[in-house]
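Chain by chain, the residues run as shown.
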Amino acid sequence: MDVDTRLAEDWVRAIAAAVEREEERLTELDSAIGDGDHGSNLRRGFAAVLAVLDGPDAPAPDGGPGAVLTRTGTILISKVGGASGPLYGKAFRAMGAALPPPGQPSADPGGLGEALAAGLRAVRDLGRAAPGDKTLVDAWTPALDAYREAVTAGAGLREATEAAAGGAERGALDTVPLEARKGRASYLGPRSVGHEDPGARSTALLFRALAEATAARTADDRAEGRAP
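About the cut-offs
Residues numbered from 1 in each chain as written. Predicted model: local features only at pLDDT ≥ 70, side-chain atom pairs only at ≥ 80, totals over all residues. Heavy atoms only, no water. Core = buried A, V, L, I, M, F, W, Y, C linked by side-chain atoms within 4.5 Å. Buried < 20%, exposed > 50% of the residue type's maximum accessible area, 1.4 Å probe, protein only. Helix = DSSP H or I, 4+ residues; strand = E, 2+ residues; numbered from the N terminus. Contact = heavy atoms within 4.5 Å. pLDDT = per-residue confidence, 0-100. Axes fitted to C-alpha atoms, helices over the stretch in contact; angles between N-to-C directions. Left-handed = near helix turned anticlockwise from the far one by under 90°. Nonpolar A, V, L, I, M, F, W, Y, C, P; charged D, E, K, R; others polar. Expected span 1.5 Å × (residues − 1). Phe/Tyr/Trp six-rings, centres within 6.5 Å; stacked < 30°, edge-to-face > 60°.

K.L.:
Is there a simple way to explain the nonpolar core in this structure?
P.N.:
Side chains of nonpolar character tend, in soluble globular proteins, to be buried together. If you look at the biggest cluster of nonpolar residues, it comprises 56 residues, and the most contacted ones within it are W11, F46, F92, L116, W140 and F207. Secondary structure elements with two or more residues in this core: α1 (5–21), α3 (38–53), α4 (65–79), α5 (84–98), α6 (109–127), α7 (137–152), α8 (157–173) and α9 (198–223). Top contributing element to this core by residue count: α1, with nine residues. Among residues more than four places away in sequence, those in contact with L116 are W11, M95, W140, L144, Y147 and F207.

Next comes the structure, spelled out in structure tokens:
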């Protein structure tokens, strides 16, 4: 299976559903070491994304997966407050730019890996964060590493995205004992230790949504005879 426009849109919709479902948890995490608005900001942003995808200004079906992610990033930048809007917005725009343009309707698993790497670079460039700083980078980095390792070993898209989701989950949990060195949480110094980073948690949701969307697409393809 490759990443096409439909799968890109399914991924974004799965993220929106996950953010709505986990808004309270994200808010609780952010209330402990941040401004307490991470969940509500992301929910508002992805609700705006869905409004566009369901409206007359939706990306053209033949625009390729990159168009979906680029539009998603643009909306997040304009609609999400705090640091998460620019960070996730830039990440999605970078991933969109790395995916095939119109006329090349899909990307193979390796191509998606390059897009995920571009998203991580965008986050690091904007936030100046590195692994260990207690940010979303601590979840995205092991997710990308796990994804690449799976693809190198010959895994298909479903297995690779599941591996990425597992890597992001472990990375998010690993932020608990860290002392924050970036963002609002860094103002707390040692008091930030013992709390999971909300950005790392939302990144884990993002990668879990990718795995779920890919699994659902695989099941649909099998049911319709398009996959073994």
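Now that the structure has been shown, the text picks up again.
K.L.:
Is there a simple way to think about the confidence of the model for the chain in this case?
P.N.:
Per-residue confidence for the chain gives a mean pLDDT of 92; residues scoring 70 or more make up 96%. Within the chain, no element has a lower average pLDDT than strand β2 (residues 106–107), which sits at 84, and none a higher one than α7, at 98.

K.L.:
Can you help me understand the environment of T72 in this one?
P.N.:
Looking at the element boundaries, T72 is found in helix α4. According to the relative accessible area criterion, T72 is buried, its value standing at 0%. Ignoring anything within four residues of it in the chain, the contact list for T72 reads V12, F46, V49 and F92.

K.L.:
Which parts of the structure should I look at to understand the packing of α5 against α6?
P.N.:
Between two packed helices, the angle of one axis relative to the other and the distance separating the axes together describe the packing. Between α5 and α6, the least distance of the axes is 7 Å, while the angle of their chain directions is 145°. Our pair here, α5 against α6, has a crossing hand that is right-handed. Along the contact surface, α5 presents P86, L87, K90, A91, A94, M95 and A98, while α6 presents E114, A115, L116, A118, G119, A122, V123, L126 and G127. For the contact of α5 with α6, the per-class residue count stands at twelve nonpolar, two polar and two charged.

K.L.:
Would you take a moment to explain α7 for this structure?
P.N.:
The α-helix advances 3.6 residues per turn, and as a result positions three or four apart in sequence lie on the same side. The terminal C-alpha atoms of α7, which comprises 16 residues, lie 22 Å apart, in line with the 22 Å expected from a rise of 1.5 Å per residue. Of all the residues in α7, the buried ones are V137, D138, A139, W140, T141, A143, L144, A146, Y147 and A150. Directly beyond the C-terminal end of α7, a positive phi value near 100° is found at G154.

K.L.:
Explanation requested: the packing of aromatic side chains in the structure shown.
P.N.:
One pair of aromatic rings is described through two measures. These are the centre distance and the angle between the planes. The final tally for this structure, using the stated rule, is three aromatic pairs. Taking the centre distance of 5.7 Å and the plane angle of 45° together, the rings of W11 and F92 count as tilted. Here W11 is found in helix α1, whereas its partner F92 is found in helix α5, with 81 residues between them in sequence. For the pair W140 and F207, a centre-to-centre distance of 5.4 Å together with 90° between the ring planes defines the contact as edge-to-face. A residue pair is termed long-range when its members are at least 10 positions apart, and W140 in helix α7 and F207 in helix α9 qualify at 67 residues. On the accessibility criterion, F207 (0% relative accessible area) is buried.

K.L.:
Is there a simple way to think about the environment of D62 in this case?
P.N.:
Relative to the assigned elements, D62 resides in the loop between α3 and α4. As a C-alpha pair, D62 and D4 span 58 residues in sequence and 9.5 Å in three-dimensional space.

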